[in-house]
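Secondary and tertiary structure notes
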Amino acid sequence: MKAPPWRVLGFESSCDETGVAIVELDDGHPRLLAQGLHSQIAMHQAYGGVVPELASRDHIRRVVPLTRQVMADAGLAWSDLDAIAYTQGPGLAGALLVGAGVAVALAAAIGKPTLAVHHLEGHLLSPFLSADPPAFPFVCLLVSGGHTQLMAVTGVGRYELLGETIDDAAGEAFDKSAKLLGLPYPGGPHLASLAEAGDPGAFALPRPLLHSGTLDFSFAGLKTAVLTQARKLGAELPVRAADLAASTQAAIVDVLVKKSLMALRDSGLKRLVVAGGVGANQSLRAALNEASRRRGVRVHYPELSLCTDNGAMIALAAAMRHAAGASHAQAPQAFGVKPRWDLAEI
């Protein structure tokens, strides 16, 4: 007899997006029933980056109305839910506490169990909600915020780290380079947009660790090279900004693509999954698609709406871990958050 669908309400509040969503897992197939997302970008732009205290306060304002909206959009009653999930870490401590506190309190009020989720695992598994979901095993290129990692993934909760950043991550390289070019927060998308009008070969920027023989990353030297080039240009920078943006993006994409291909070669796997905010970059997608076509491997991405932080990926990760027996829903109780939390520790 077929088991009934398992429905999870997920909360994401690790940084500057408040995300709430409901994911249903039916016979192993996940489906997004409804989601709500509020971005704090406009609020933080005046400061050039995320202000943790403001982020926490805004999560408090947004999370309850978003939850009501999502439940209404899904047409579900509280009794139709099977569990409540929340991001336990990593992230900003105060912001994490908002989502975790609401999730545990709500679960206690309606008599449902809770599941704590690792933020990066949510990103890693998010392509399973896409129109072209992957299948295990695969290599994952996880490029989210301060994290750039390559992992061999053989199943839910079975992740082998192949390489990671030893200083600035790819997302940080985008954002910091954008700031050097005078672009507004968040810098990465603005740099990518500006790069469309530039020449990616205009400036010879470094590709750190590209020929190191390892799968580790380093983008701090690239940021320094962008700073040096911007200073050299001086008053000419506004005229050449598009070229410098395009050259910066090309350097980052080149490293990510070639390291991903090395990971596929070394692991013998034929499937690549790209996850995290930088995974929305169209230049990266185009380069990976072309490289994968030549190598005869498959590449999968999250839907663009699920590349940035969102509640859907948290609900999905909770549902998939529960179905795989990798974690178990618990009765609501005292809880804690983990601002620093290595994915290998879950």
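Look a little higher up for the structure.
Here goes a summary of the coordinates provided. Just so we're clear, the structure is a prediction, and the values are computed from it rather than from any experiment.

**A look at the overall build of the protein**
On a plain count of helices and strands, the protein comes out with ten helices and ten strands. Taking 2.2 N^0.38 as the reference for a compact globule, 346 residues should give roughly 20 Å; the C-alpha atoms of the protein span a radius of gyration of 20 Å, in line with that estimate. Taken along the three principal axes of its C-alpha coordinates, the protein extends 65 × 45 × 30 Å. Residues counted as buried form 51% of the 346 residues belonging to the protein. Look at the contacts in the protein between residues 6 or more apart in sequence, and 71% of them connect residues 24 or more apart.

**Quick look at the nonpolar core**
Residues Phe219, Leu244 and Leu256 are the most contacted members of the largest nonpolar core, which totals 47 residues. Residue assignment for this core shows that the elements contributing at least two residues are β6 (138-144), β7 (147-155), α5 (170-180), α6 (187-195), α7 (220-233), α8 (237-267), β9 (271-275) and α9 (282-295). For this core, the leading source of residues is α8, giving 14 residues. Residues within four places of Leu244 in sequence aside, it is in contact with Leu181, Phe203, Leu205, Val226, Gln229, Ala230, Leu233 and Leu237. Formed by 34 residues, the second largest nonpolar core is a distinct cluster that contains Phe128, Val153, Tyr159 and Leu306.

**A look at the pairing of strand β3 (residues 29-39)**
Note that strand β2 (residues 17-26) and β3 share ten bridges and pair antiparallel. The residue of β3 that forms the bridge with Val20 is Gly36. The antiparallel hairpin formed by β2 and β3 contains two residues in its connecting segment, where Asp27 sits at a positive phi of about 55°.

**As for the pairing of strand β5 (residues 114-118)**
Across the five residues that make up β5, a large majority, four, are buried. Of the pairings in the sheet, the one linking strand β4 (residues 83-89) to β5 comprises five bridges and is parallel in character. Looking at β5, one finds that Gly89 is bridged to His118. Remark: the β4/helix α3 (residues 93-110)/β5 crossover connection has right-handed handedness.

**Things to note about the sheet that holds β4**
Adjacent strands of a sheet form backbone hydrogen bonds with each other and so pair up, either parallel or antiparallel. Pairing is mixed in the open sheet, where five strands are placed in the order β3-β2-β1-β4-β5. Two strands close off the open sheet at either side, each with one partner strand: β3 and β5. Here the average twist between neighbouring strands, direction ignored, is 25°. Bridge analysis of strand β1 (residues 6-12) against β4 gives four bridges, and the strand direction is parallel. Across the sheet, the residue bridging to Gly10 is Ala85, located in β4.

**Quick look at the pattern of salt bridges**
Opposite charge on two side chains permits them to pair, given that their charged atoms come into close proximity. This structure, assessed with the given rule, holds 16 salt bridges. Between Lys176 and Asp168 there is a salt bridge whose closest N-O contact spans 3.1 Å. Exposure remark for Lys176: the relative accessible area of 33% places this residue in the partly exposed category. Across the pair Arg240 and Glu236 runs a salt bridge whose closest N-O atoms are separated by 4.0 Å.

Conventions and cut-offs
- Residues numbered from 1 in each chain as written.
- Predicted model: local features only at pLDDT ≥ 70, side-chain atom pairs only at ≥ 80, totals over all residues.
- Heavy atoms only, no water.
- Helix = DSSP H or I, 4+ residues; strand = E, 2+ residues; numbered from the N terminus.
- Rg over C-alpha atoms; globule rule 2.2 N^0.38 Å.
- Buried < 20%, exposed > 50% of the residue type's maximum accessible area, 1.4 Å probe, protein only.
- Contact = heavy atoms within 4.5 Å.
- Core = buried A, V, L, I, M, F, W, Y, C linked by side-chain atoms within 4.5 Å.
- Pairing = 2+ DSSP bridges.
- Right-handed = clockwise from strand over helix to strand, strands pointing away.
- Axes fitted to C-alpha atoms, helices over the stretch in contact; angles between N-to-C directions.
- Salt bridge = Lys/Arg side-chain N within 4 Å of Asp/Glu carboxyl O.

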